[in-house]
Structure formats: structure tokens, C-alpha cells
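A look at the structure
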Amino acid sequence: MNYNPASKKAEEFINHEEILETLEYAQANKNNVELIDQILAKARLKKGLSHREAAVLLDCEIPEKTQEIFELARQIKEEFYGNRIVMFAPLYLSNYCVNGCLYCPYHLKNKHIARKKLTQEEIRREVIALQDMGHKRLALETGEDPVNNPIEYILESIRTIYSIKHKNGAIRRVNVNIAATTVENYRKLKEAGIGTYILFQETYHKESYERLHPTGPKHNYCYHTEAMDRAMEGGIDDVGIGVLFGLELYRYEFAGLLMHAEHLEAVFGVGPHTISVPRLRRADDIDPDEFDNGISDEIFEKIVACIRVAVPYTGMIISTRESKACRERVLKLGISQISGGSRTSVGGYVEEEPEEENSAQFDVSDNRTLDQVVRWLMELGYIPSFCTACYREGRTGDRFMSLCKSGQIQNCCHPNALMTLKEYLEDYAAPETKRIGEALIQKEIGNIPKEKVQEIVRKNLAEIEQGKRDFRF
Ligand code: SF4
Ligand code: SF4
């Protein structure tokens, strides 16, 4: 198999030999100051790096150069994403699953986990609970099960979610994380109005992949790896990729992630919308110590920094799998979206599960409420944003990317963050959160470069106080 980023065949665009050569090259050059300086100089142009270049930075062992990588990641984060952090929550619809993934408690053979599937009425109740927290953006999660979770169920659930208007609440963007499927089904998801289609590769290492997915349709490495191509052919132009760090060597996964991004760019002219960086967590039936590729917090930070430097335009997501302390560290280095107040069990927003009925996919490390997370972010100097404007304005795929690349998107993100935060403060915040948020908004209005935009934002903020909602640029 020859390496070819523009190929439609999984083993050609995620090419094992190319990854091995990349890792060798990175090892051979991890102390090569001249090369590392050249790569850093290229990275400072803020147009990204190839997987080989980024792999050298990831392996770099020179402390001063590592500091430069971190510093550059911070600068890129600041320049492209400012101090805004977009908020979202996962919504688990069903944990029925026919696959045999060794690292996930929803695998078919787990007979003691409680199996649940939400009815449309239960989804309504979950969504109302999420709206009452203040969420506007959801990521739908289900196991793969053609009988229990057919595409019609997912489509009906999306329609239900978008239809619920409770008090001032609304879910304005539904991202979907379901198993690899057909072009036809992706087209249906697009028609249902999904935002991003998210699918984690879990591991790019084919042999490990097949071992970790011994049974079920997910066993097919190529079908899974080529899913984003089918999604894009089906018209979904925002896709989110990711791996589960801990399953394989992190250096291998890192190269695979960037090669996947390069492939999408080569074939469709637009890279992934987001990259997620989950790490393996403890869960019912799953002991992370049984997997020997776990990574330390230090390596994790370096991965985040190197991804930020390698693909500046791609959003980066971190979930409540990570602790508050870890989240705080990686926010500075490149994370642009986080979940808050998450429940990883089916039906978990309406009521907490008794222990004997555990249906959760993983143990949450960050157990704070959304309001606590919002307040914490603001105390750290970030603006929690509930913005969903791009998708609703049709700014997706290459339209979104060209706006990003011209730097114009900043003129939308910042005012939208302030206006959606204001909505949150008016409708859901605790008094102290509201006080901190109001002061932050006043300070941040002055950072909007165009005076005309400042004026519009002030007017809209006043109208939000009067009860109007959903302003956006
Ligand atoms: S990771 Fe997904 S496909 Fe695998 S068992 Fe869990 S829910 Fe099923
Ligand atoms: S304006 Fe677009 S890119 Fe910016 S935060 Fe909103 S949805 Fe995201």
C-alpha cells in the first residue's frame, strides 16, 4: 500500500508504513535544533504543519524548544479563539449496542449494565432539563444497534429536540455522534439539520483496531475509517474526528489524526471542524489499567499544544472525562470547546441513577454543574459562549473555513459570545455568576474592534434584558 492523502482507501490515506516512517523521523530528529527551529518558524506563520513536522515537535526533548511550542500554542489559541470557550453537553439516547469494543461498557457482552433507550417523551424531559441548565448545543450519543437505534429513531429524536421551546430555552445546534453509516443515512442526518457529525476513530492502528473491536460491524476498520468521506459525500461538511488516547501509542495516534485531517483537506478542500482528545476512563466493566498505553498529564498537554500548532483552524474539544485541574491547563493551550454539567448515562439529566442501575459510558471526572463551570471559566478570564451562529447562518464547511482563514470569523465569535452569555446570565445564572458575568461583558465590549459592532451589541444586550432572544452575527 502506498501512502496517498488524496486516496479514498483507508489504508492509503492512513498508511501504516508512512506512520512508522514518520515516527522514526521524529525520533531521529527529536534533538535536531536546526530542524526544530525551521518547523517552529513555519508554525509561526500560523498556517499549520504536516504530520511529519508536527511529529518532530511532539517528540522534541529539548526543554527550551518545548517551551517555545507551548508558547506558540498559547499565541495561536489567543489569536484564533481569543478567550472564548464554547459550551456543549452530551445527550445519551440509548446504550444498546451490538459491538464488542473492549474499552466501552456498552459492549454487547456486558450483561450487568442497565440497558436503556429514551422514548420521545423521555427525550423531551431530558432536553427540558438541559435547556433549564442553559445549554444550547448538544452532542447526541447512541450505541450502534440497527434494531433498537435505527436511523429513523435518531432522525425522530433530532426533530423532537429542535421542536422543544421551554421558557426561553432552545437547543440551537444538535451535533451527532453515531456509528459509521451509509452515504444515504448521512444525507438524512444532513436534511434533519445536524451540526457536526462526530465519529472517533478510537485508534488508527489497524491491527490494534481489529483486536479492540473483535465483533460487530465496527470491526471493519476500513468502513469505519472511511466514514467521514461518506459523511461529506452525503453533504455533511462539518465533521469531528478524535481518538481514544490510551488504546495505542499516542505518537501513532497523533500522526494518524493529522493524516486524517490532511486527507479530508486533500479530497474535500476542508479539514475536520473539530478534533476531540478523550483519554480512556474507568467505567463499569472497564479498568483503564488493563490498557498499557495510558498517557500522563504532561504528555496530554503536549499533544494538545502540538495539535493546536499543527491545525490552527480546527476547534479542539475536551469533555468531563478530564478533571477540573487538567481542563484548566489545556484550555490555555488550545481547547476551544468544553462540556459542562454532563451526564454520561441514558436519562441522567432528569434523574440521577441508583448505583445498581448504572448506564453510564464512563465515570465523569468533572462533576460540577454548568453554572459552576461557567463561573469558573469567567474567574479564569474566559468568556463562556453559547454561540451556535455559524451553523444557523449557513457558515459551514469551506464557507466557514474561508472565513476563519481570512480572520473575519473573530468579528462574529466575540460579539456572539457576549450576547449568548448575556442570555445565559438573564435566564439561568446564579446571582454571583450573574454579577461576575455582567462585569465581564462590560469589559469585553470594549475589545470588539469595530465601533459600529460595539453599538449593535450594546443595543442587543439591552433588548435581551427586555426579554428578546437569539441575536447573532
Ligand atoms: S464505543 Fe460505541 S460502538 Fe463501541 S461498545 Fe461503546 S457504544 Fe458501542
Ligand atoms: S460565530 Fe461561529 S465559529 Fe464563532 S463561536 Fe459562533 S458558531 Fe463558533
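Residues numbered from 1 in each chain as written. Chains lettered and ligands numbered in written order. Predicted model: local features only at pLDDT ≥ 70, side-chain atom pairs only at ≥ 80, totals over all residues.

To continue, consider the domain arrangement of the protein. Per the domain assignment, the segments making up the protein are domain 1 (10–77), domain 2 (83–367) and domain 3 (408–465). Taking only C-alpha atoms into account, the centre of domain 1 sits 38 Å from that of domain 3. (Domains from an automatic or database assignment.)

Let us now look at unusual backbone geometry. The phi angle at Asp285 is positive, at roughly 75 degrees, despite the residue not being glycine. With respect to the helices and strands, the residue Asp285 is situated in the loop between β6 (274–276) and α13 (297–310). Although it is not a glycine, Asp470 sits at a positive phi angle of roughly 70 degrees. Inspection of the secondary structure assignment puts Asp470 in the segment after α20 (451–465). (Helix = DSSP H or I, 4+ residues; strand = E, 2+ residues; numbered from the N terminus.)

In regular strands, side chains alternate between the two faces of the sheet. The two faces of strand β7 (residues 315–318) match: Gly315 and Ile317 on one face and Met316 and Ile318 on the other face are all buried. Direction of pairing for β6 relative to β7: parallel, over a ladder of three bridges. Among the inter-strand pairings, Ile275 is bridged to a residue of β7, identified as Met316. In this fold, β6 hands off to α13, which returns the chain to β7; that crossover is right-handed. Relative to strand β8 (residues 337–339), β7 is paired through two bridges, and the arrangement is parallel. Bridging from a neighbouring strand, Ile317 pairs with Gln337 of β8. Where the polypeptide runs from β7 across helix α14 (residues 324–333) and back to β8, its parallel neighbour, the crossover connection is right-handed. (Buried ≥ 20, exposed ≤ 12 C-beta atoms within 10 Å, placed from the backbone. Pairing = 2+ DSSP bridges. Right-handed = clockwise from strand over helix to strand, strands pointing away.)

The next thing to look at is the environment of Asn95. Relative to the helices and strands, Asn95 resides in the loop between β1 (84–94) and α6 (120–133). Note: C-alpha distance between Asn95 and Gly169 (74 residues apart in sequence) is 27 Å.

To continue, consider the site of ligand 1. Surrounding ligand 1, one finds Cys97, Asn99, Cys101, Cys104, Tyr106, His107, Gly143, Glu144, Ala179 and Lys218. For the shell around ligand 1, a count of residues per class yields five nonpolar, three polar and two charged. (Near = placed C-beta within 6 Å. Nonpolar A, V, L, I, M, F, W, Y, C, P; charged D, E, K, R; others polar.)

With that settled, consider the site of ligand 2. As a structural note, the neighbourhood of ligand 2 is formed by Val86, Ser385, Cys387, Thr388, Ala389, Cys390, Ile409, Cys412, Cys413 and Asn416. Looking at the shell around ligand 2, the elements with two or more residues in it are α16 (389–392) and α18 (410–427). A per-element tally of the shell around ligand 2 places α18 first, with three residues. Considering only residue class, the shell around ligand 2 consists of seven nonpolar, three polar and no charged.

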